[in-house]
Amino acid sequence: MVELAGIIILGILAQWVAWKFKIPAILPLILIGLLVGPVAAEFFSSDGSKWIEPIWNGKKGLFPGDGLFYFVSLAISIILFEGGLTLKQSEISNVGPVITKLITLGSAVTFIVSGIVAHHIFGLGWEISMLFSALIIVTGPTVISPILRNVPLKKDVAAVLKWEGILIDPIGALIAVLVFEFISVGGGSGFTKTALLEFGKILLFGSTFGFTFAHALIFIVNRKLVPHYLLNVVSLSTVLFVFVLSDLFAHESGLLSVVVMGMVIANSKIHSFDELLYFKESLSVLLISILFILLAANMDMSQLQLIFNWEALLLFAIVVLVIRPLGVFLSTRGSTLKLNEKLFISWVGPRGIVAAGIASLFGTKLMKQGVVGAEYITPLVFMIVLGTVLLNATTARLFAKLVGVFLKQSEAIVIIGASEAARVIAKYLKDNDRRVILLDQNKDYIEKARNNEIEAFDIDIYNDSIDDKVELSDVGYLIAMTGSDVVNKYAITQLSELYGEHGAYRVASSKEVKDSEIEEEMNLFTENDDYFNLNESARDYPTIHELIVKSEEDFVTKLEKIEEEIKSIPLFVKVGDTLEVLPTFNTANIKENNAIVYLGKKLEI
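Residues numbered from 1 in each chain as written. Predicted model: local features only at pLDDT ≥ 70, side-chain atom pairs only at ≥ 80, totals over all residues. Heavy atoms only, no water.

*Asks:* Would you take a moment to explain the overall build of the chain for this structure?
*Replies:* Secondary structure assignment for the chain yields 24 helices and nine strands. Computed over its C-alpha atoms, the radius of gyration of the chain comes to 27 Å, within 12% of the 25 Å expected for a compact globule of 605 residues. With the C-alpha coordinates aligned to their principal axes, the bounding extent of the chain is approximately 85 × 55 × 50 Å. When each of the 605 residues of the chain is scored for burial, the buried share is 56%. Here the contacts in the chain between residues at least 6 apart in sequence split such that 73% fall between residues at least 24 apart. Summing over all exposed atoms, the chain offers an accessible surface of approximately 26,900 Å²; the carbon and sulfur share of this is 60%. (Helix = DSSP H or I, 4+ residues; strand = E, 2+ residues; numbered from the N terminus. Rg over C-alpha atoms; globule rule 2.2 N^0.38 Å. Buried < 20%, exposed > 50% of the residue type's maximum accessible area, 1.4 Å probe, protein only. Contact = heavy atoms within 4.5 Å. Areas by Shrake-Rupley, 256 points an atom, 1.4 Å probe, with all protein chains shown as cover.)

In structure tokens form, the structure reads like this:
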């Protein structure tokens, strides 16, 4: 009981430490696992036992027999299903051909070259070498996301890294499963006819079961055949059922089936999708916390000693400094990415839970089968996981500055609310070469914004997973302009530190405008107009105009005339290529050919 409670407590503590110091959680989790496992057994325990023993050894342990690996398999199935839920087709199509090449050509380069290098450096058999190379293909979003939050980047660079990490997880897992099947079924003799048959069965049953049961779950949820309070647990049990059932028909096909199931659900119309995703995200955090500590603690000092040599260091250096850049540069040939952007993408490639979890699972299974060299799988993969996370977490920001991809000035703008006024303003800002993102829960507003080619997302800002759904690393301004004063004030107080580095503004409440109780520190977007005035003006005159001013006196005169017009609302002052929100603008800075930017009826002044 103490061990089980200790794992959960230590896991959540590690997650908090990762959040506090802005590092991937995998780093403290693995270190804690090694500390309470092999390190404790070697240096701290008088009887040589681990503080946390994952497998029952006759005296103590959490899981009897193969119980640990059954738990690992089921947990990874849930984590991969949650990853599949994030793969929306509309978002993938916008990423561009670079992502497609990275997850195909880049994966092939890593798979082939890493296998060759591992074979020659450690003298491993080709089958084990290729299994190792398949396991290190993946770069997990759970380790890349914290790095991206700490390093402001251009949207395209951040998007490439983020979506590569999401898309490549199931691909790497699938390749690893297929290689494992070739080794297990072929008896180590290579690509036999039986192994090829198993390969086909994995693809057939994995894709079929995933597609079929995804639509079954969608039908059940949309027809409200289960009560709302059972929605999450029913979906969880369905994922586990599909994983086990698919695995019974074709061994190791369950991983593919749950990824396909998640992808199908993500790209369909299902009620309560956000609630389902949020539940799976929370569950994944807990499972990842438990898994990494268990898997690291399950290792022995003898396994760690296998990588305490120059061969392991050489392998790590080649993977990071040669193979990753080779795959990135081949995949980005002919793209719009600049050399410094390619260099940064080459540098950031941390491995995550899928690599570590499947490595531990397959490595132990192959060791029990007596496959030569199988004892190297788990420690080598853990070395790559821990090494790349440690390297990228500590150097990504510095390297971004060194190669010149670090955004010194975050110019993108996030607008909370996608009403008609927000859409008109966003279109104007976009036409002036500013990236604008609209966030709203009104699906009709979101659809209208997208029809105008404006980035818009159906998001509840009270949900902490905004960064997981939208790439906001280049955002420096925030404007809250919903119809709710509570939401607007919440955005200013809770989100301005994250997304309003250079300015955070909100629309005035109706009471503030009516009673003229405006305070300077209220960060108002407009001083004399509330949400309803803005949208009434945008409805009748959905256009933004610019009025040239030549002096401070000219500015004051024309601003007064704009404000006198009932449905004309001044918003910005255009100074060269920059825009400043009107309430914060110092009129003494007016220069010739500056302009007042206003919404509403065009005035002839």
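*Asks:* Can you walk me through the side chain of R324 in this structure?
*Replies:* Along the chain, R324 turns up in helix α14 (residues 310-331). When near neighbours in sequence (up to four residues on either side) are disregarded, R324 contacts T139, L161, E164, V319, I345, S346, V348 and G349.

*Asks:* Could you clarify how one ought to interpret the side chain of S568 in this entry?
*Replies:* Locating S568 in the fold gives a position in strand β7 (residues 568-575). A distance of 3.1 Å separates a polar atom in the side chain of S568 from the backbone oxygen of K601. S568 has contacts with S537, I562, Y598, L599, G600, K601 and L603, leaving out every residue within four places of it along the chain. (Polar contact = N/O pair within 3.5 Å; in protein donor to acceptor, adjacent residues only side chain to side chain.)

*Asks:* I would appreciate a short explanation of the nonpolar core in the present structure.
*Replies:* Soluble, globular proteins show a tendency: their nonpolar side chains are buried together. Formed by 134 residues in total, the largest nonpolar core has its most connected members in L131, L153 and F344. The residues contacting L131, other than those within four sequence positions of it, are A176, V179, F180, I183, F362, L366 and I377. Grouped together as the second largest cluster of nonpolar side chains are 33 residues, I413, A421, Y428 and I479 included. (Core = buried A, V, L, I, M, F, W, Y, C linked by side-chain atoms within 4.5 Å.)

*Asks:* Please explain the packing of helix α5 (residues 97-122) against α14 as it appears in this structure.
*Replies:* Helix-helix packing: each pair is described by the crossing angle between the helix axes and the interaxial distance. Put simply, α5 and α14 touch, their axes get as near as 9 Å, and they point 150° apart. In terms of orientation, α5 and α14 fall into the roughly antiparallel class. Remark: the crossing between α5 and α14 carries right-handed chirality. Counted by class, the contact of α5 with α14 contains 18 nonpolar, five polar and two charged residues. (Axes fitted to C-alpha atoms, helices over the stretch in contact; angles between N-to-C directions. Parallel < 35°, antiparallel > 145°, perpendicular 65-115°, else oblique. Left-handed = near helix turned anticlockwise from the far one by under 90°. Nonpolar A, V, L, I, M, F, W, Y, C, P; charged D, E, K, R; others polar.)

*Asks:* Explain the sheet that holds strand β2 (residues 436-440) to me, please; I cannot follow it from the model alone.
*Replies:* Strand pairing in a sheet relies on backbone hydrogen bonds. The paired strands run either parallel or antiparallel. Strand order in this open sheet of five strands is β3-β2-β1-β4-β5, and the pairing throughout is parallel. Edge positions in the sheet fall to β3 (455-458) and β5 (503-506), since each of these pairs with one other strand and no more. The average angle at which neighbouring strand axes cross in this sheet is 20°, direction not considered. Two strands pair when backbone bridges link them, and β2 and β3 are joined in this way by four bridges, in the parallel orientation. Residue pairing in the sheet places L439 in a bridge with F457 of β3. Contacting β2 and β3, helix α19 (residues 443-451) crosses the sheet at an angle of about 160° to β3. Seen against the sheet, helix α21 (residues 485-499) touches β1 (412-416), β4 (475-480) and β5 and runs at an angle of roughly 175° to β4. (Pairing = 2+ DSSP bridges.)

*Asks:* What is the right way to read the pairing of strand β8 (residues 578-581) from this model?
*Replies:* Taken residue by residue, a regular strand's side chains alternate between the two faces of the sheet. The alternating pattern of β8 places L579 and V581 on a buried face, while none of T578 and E580, on the opposite face, is buried. In the sheet, β7 pairs with β8 via four bridges, with the strands oriented antiparallel. In the strand pairing of β8, K574 is matched with L579.

*Asks:* Explain the pattern of salt bridges to me, please; I cannot follow it from the model alone.
*Replies:* Pairing is possible between side chains of opposite charge, provided their charged atoms come close. In the structure shown here, the tally under the stated rule is 10 salt bridges. The salt bridge partner of K448 is D444, with a shortest N-O separation of 3.5 Å. Taken together, the residues span about one helical turn, with K448 and D444 both in helix α19 at a distance of four residues. Its relative accessible area of 38% is what places K448 among the partly exposed residues. Note that K558 is salt-bridged to D554, the shortest N-O span being 3.3 Å. Here D554 and K558 lie together in helix α24 (residues 552-564), a separation of four residues that amounts to about one turn. (Salt bridge = Lys/Arg side-chain N within 4 Å of Asp/Glu carboxyl O.)

*Asks:* Sorry if this is basic, but what is going on with the domain arrangement of the chain here?
*Replies:* Reports often express the size of an interface as the amount of accessible area lost when the parts come together. Its domain assignment divides the chain into domain 1 (1-403) and domain 2 (412-600). Here the C-alpha centroids of domain 1 and domain 2 sit 42 Å apart. (Domains from an automatic or database assignment.)

*Asks:* When you look at α19 in this model, what are you seeing that I'm missing?
*Replies:* Capping the start of α19 is the job of one residue whose side-chain oxygen sits 3.0 Å from the backbone nitrogen of D444: N442. Backbone geometry just downstream of α19 places E453 in the positive-phi region, at approximately 60°.

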